[in-house]
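Listed below are the residues making up each chain.
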Amino acid sequence: VLAFSHAATLLASGGWEGGVRLWAMPGAVRAGRWKAHESSVNGLAFSADDRLLITAGYDGELVAWRLGGIVARRVTTGQPVTHMVASTQRDRMLTGHADGSVRVWRLGDFSLLDERRLHRGKVRAVAIDGERGRYASSGADGAVYTWTGDGDVIALESPPSDAWSLAFSPDGRYLYGGTWFRLLRWDLEVPVLAVLWTEHY
């Protein structure tokens, strides 16, 4: 997983072995490294002021690190985190878990704000629409959902194969996903799923 700092002066990368590396930009000069988790790093995000790097791991931990690798805050979720995204605009973090649950956290202090068991099996991907306060998740069960903080969950048309990544379009009209060899596009106003051809194989 990768994340740029808001000032675009740092790039963070996280790997399967639980390590985190910082790269000074431009040029990608290595600027730091440390062991962040006991298993894969499945989410990275910088705090609004770029002073902290937030990591999520399959070991079930959410950790805010000072950029030298010192722990500033740690929460044990009790379930492996399969994916994490954050919105500094909304002060929110969204995590998907191996038990099919999705959780909304306050990014600033890791307070748990909402938890929903949406999927049968592990969550593949989560996404936040920072402009509109909307969330999305996809699972190994093939289901894809959207919802707002206090709103009802909307089930979208299931794709032909699991969506392994999700992203809202900047205008909020579409939810995109990545799957085997194809892109997925849900028109959230209709809603209709389009499966888009790619040159990947």
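Residues numbered from 1 in each chain as written. Predicted model: local features only at pLDDT ≥ 70, side-chain atom pairs only at ≥ 80, totals over all residues. Heavy atoms only, no water.

(A) Structural context of the side chain of T77. As for its position among the elements, T77 is in the loop between β8 (70-76) and β9 (81-87). With residues near it in sequence (within four places) discarded, T77 still touches G60, L62, H97, R103 and W105. (Helix = DSSP H or I, 4+ residues; strand = E, 2+ residues; numbered from the N terminus. Contact = heavy atoms within 4.5 Å.)

(B) Focus on the pairing of strand β12 (residues 112-117). Relative to β12, strand β11 (residues 101-106) runs antiparallel, the two sharing five bridges. By the bridge assignment, S101 is partnered in β12 with R117. Hairpin connection, β11 to β12: the antiparallel pair is bridged by five residues, and F110 has positive phi, about 65°. (Pairing = 2+ DSSP bridges.)

(C) Molecular detail of the packing of aromatic side chains. Inspection of every chain in the model, using the stated rule, returns six aromatic pairs. A ring pair is formed by Y135 and W147, whose centres lie 5.7 Å apart and whose planes are at 35°; its orientation type is tilted. Highlighted residues: Y135 in strand β14 (residues 134-139) and W147 in strand β15 (residues 144-148), separated in sequence by 12 residues. On the accessibility criterion, Y135 (6% relative accessible area) is buried. Owing to a relative accessible area of 2%, W147 belongs among the buried residues under this scheme. Across the ring face of W164, the terminal group of R124 is positioned such that the distance to the ring centre comes to 4.0 Å. In this arrangement the basic side chain of R185 is found over the ring face of Y174, its NZ or CZ atom lying 5.5 Å from the centre. (Phe/Tyr/Trp six-rings, centres within 6.5 Å; stacked < 30°, edge-to-face > 60°. Buried < 20%, exposed > 50% of the residue type's maximum accessible area, 1.4 Å probe, protein only. Lys NZ or Arg CZ within 6 Å of the ring centre and 35° of its normal.)

(D) Highlighting a nonpolar patch on the surface. Taken together, the side chains of W164, W180, F181 and Y201 make up a nonpolar region of the molecular surface, amounting to roughly 590 Å² of accessible area. Considering the arrangement of structural elements, one finds Y201 in the segment after β20 (192-197). (Patch = residues over 30% accessible without salt bridge, like charges linked within 9 Å, V, L, I, M, F, W, Y side chains within 5 Å. Areas by Shrake-Rupley, 256 points an atom, 1.4 Å probe, with all protein chains shown as cover. Salt bridge = Lys/Arg side-chain N within 4 Å of Asp/Glu carboxyl O.)

(E) Molecular detail of the sheet that holds β15. If you trace the four strands from one edge of the open sheet to the other, you get β13-β14-β15-β16, paired in antiparallel fashion. Every other strand in the sheet has two partners, leaving β13 (123-129) and β16 (154-156) as the edge strands with one partner each. Taken pair by pair, the neighbouring strands of this sheet meet at an average axis angle of 20°, ignoring direction. The sheet contact formed by β14 and β15 spans five bridges and is antiparallel. Bridge assignment links S137 to a residue of β15, and that residue is Y145. (Axes fitted to C-alpha atoms, helices over the stretch in contact; angles between N-to-C directions.)

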